[in-house]
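Chain and residue survey
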Amino acid sequence: AIYGAIIGFIFGAVVAVIGTAVAALFGGATQNNPLLGIVVGLGVLSIIVLPIVFALITVIGAHVWYWVVWKIATAFGGSGTFENNYFLSAKLLFPSLAASIIVSILGIVPLLGALLNFAWVLYSIYLLVILISVANSLSKWKALAILIIPFIFVFLLSLILGVGIGLVALGR
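Residues numbered from 1 in each chain as written. Predicted model: local features only at pLDDT ≥ 70, side-chain atom pairs only at ≥ 80, totals over all residues. Heavy atoms only, no water.

**Points about the packing of aromatic side chains**
Here the structure, examined in full by the defined rule, presents six aromatic pairs. Geometrically, the ring pair formed by Phe-82 and Tyr-86 is stacked, given 5.7 Å between the ring centres and 20° between the ring planes. Here Phe-82 and its partner Tyr-86 are both found in helix α4 (residues 82-106), four residues apart, which amounts to about one turn of the helix. Among the aromatic residues, those joined into a cluster by ring pairs are Trp-65, Tyr-66, Phe-82, Tyr-86 and Phe-151. (Phe/Tyr/Trp six-rings, centres within 6.5 Å; stacked < 30°, edge-to-face > 60°. Helix = DSSP H or I, 4+ residues; strand = E, 2+ residues; numbered from the N terminus.)

**Quick notes on unusual backbone geometry**
Phi at Leu-111 takes a positive value of approximately 65°, unusual for a residue other than glycine. Note on placement: Leu-111 falls in the loop between α4 and α5 (112-136). Not every positive phi belongs to a glycine, and Ser-137 is a case in point at roughly 55°. Within the secondary structure layout, Ser-137 lies in the loop between α5 and α6 (140-170).

**So, α5**
Between the first and last C-alpha of α5 there are 36 Å, a value that for 25 residues agrees with the 36 Å anticipated at 1.5 Å per step. Positive phi appears at Ser-137, one or two residues downstream of α5, with a value of about 55°. (Expected span 1.5 Å × (residues − 1).)

**Thoughts on the packing of α5 against α6**
Their axes nearest at 8 Å, the elements α5 and α6 cross at an angle of 110°. Between α5 and α6, the angle is such that the two are roughly perpendicular. The element α5 and its partner α6 pack so that their crossing is right-handed. Listed contacts from α6 to Ile-125, Leu-128, Val-129, Ile-130, Ile-132 and Ser-133 of α5 are Lys-140, Ala-143, Leu-144, Ile-146 and Leu-147. (Axes fitted to C-alpha atoms, helices over the stretch in contact; angles between N-to-C directions. Parallel < 35°, antiparallel > 145°, perpendicular 65-115°, else oblique. Left-handed = near helix turned anticlockwise from the far one by under 90°. Contact = heavy atoms within 4.5 Å.)

**Thoughts on the environment of Trp-141**
If you trace the backbone, Trp-141 turns up in helix α6. Residues Trp-141 and Val-129 lie twelve residues apart in sequence; the distance between their C-alpha atoms is 8.2 Å.

**Side note on a nonpolar patch on the surface**
A cluster of nonpolar side chains, namely Ile-148, Ile-152, Phe-155, Leu-156, Leu-159, Val-163 and Leu-167, defines an oily patch on the protein surface of about 630 Å² accessible area. Within the element layout of this structure, Ile-148 appears in helix α6. (Patch = residues over 30% accessible without salt bridge, like charges linked within 9 Å, V, L, I, M, F, W, Y side chains within 5 Å. Areas by Shrake-Rupley, 256 points an atom, 1.4 Å probe, with all protein chains shown as cover. Salt bridge = Lys/Arg side-chain N within 4 Å of Asp/Glu carboxyl O.)

**So, the packing of α4 against α5**
For the pair α4 and α5, interaxial distance at closest approach is 11 Å and the crossing angle is 175°. One finds that α4 runs roughly antiparallel with respect to α5. Listed contacts from α5 to Asn-84, Asn-85, Leu-88, Ser-89, Leu-92, Ser-96, Ala-99, Ser-100, Val-103 and Leu-106 of α4 are Gly-113, Leu-116, Asn-117, Trp-120, Leu-127, Leu-131, Val-134, Ala-135 and Asn-136. For the contact of α4 with α5, the class distribution of residues is eleven nonpolar, eight polar and no charged. (Nonpolar A, V, L, I, M, F, W, Y, C, P; charged D, E, K, R; others polar.)

**Topic: the nonpolar core**
One finds Tyr-66, Ile-132 and Ile-146 to be the most contacted residues of the largest nonpolar core, which totals 13 residues. When contributions to this core are tallied by element, the ones reaching two or more residues are α3 (46-75), α4, α5 and α6. Among all residues touching Tyr-66, those that are not within four sequence positions of it are Phe-82, Asn-85, Tyr-86, Ser-89, Leu-128 and Leu-131. (Core = buried A, V, L, I, M, F, W, Y, C linked by side-chain atoms within 4.5 Å. Buried < 20%, exposed > 50% of the residue type's maximum accessible area, 1.4 Å probe, protein only.)

**Some words on the environment of Phe-82**
Note on Phe-82: relative accessible area 16%, which makes it buried. Between the alpha carbons of Phe-82 and Trp-67 there is a distance of 6.2 Å; along the sequence they are 15 residues apart. Setting aside anything within four residues of it in sequence, one finds Phe-82 in contact with His-63, Tyr-66, Trp-67 and Trp-70.

**Regarding the side chain of Ser-96**
Note on placement: Ser-96 falls in helix α4. Separated by 2.9 Å, the side chain of Ser-96 and the backbone oxygen of Leu-92 make a polar contact. Apart from the residues lying within four places of it in its own chain, the contact partners of Ser-96 are Trp-120 and Leu-127. (Polar contact = N/O pair within 3.5 Å; in protein donor to acceptor, adjacent residues only side chain to side chain.)

Okay, here's the thing in structure tokens:
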């Protein structure tokens, strides 16, 4: 949990500093962007508030994600615990973050950047499959299914909500 909190804190600080700088340079541009307006409205206080908010969101989000993964793995016959899933993900966090930063920097190179990003996404999925497989003593195919199920659920929920909101907006 502490790794996620640190990364969330750093990310929040970066967002706050960039938001404040953008607001200082382009004050009028914040009128059309509510999130940037909030950052600007908080002013220097955003440098304190946003890191804390991002840290909390990161930790809570990771707990929810690995709890869902653990529950699905248990339904698939996995013998792991929530702690196993969360611990292994924490061990993977900093190397993955470092590699993501390097891939993002190299991403500015035309074509090579797109290929590197695609390869990194595939490798990240592979690492998550291995993590779920090891943490829950399951086959890699079951681990892949466990990884895909939450994404399908969120996609279908988004589709249903999107269609519903669209129909309401159209008055049907």
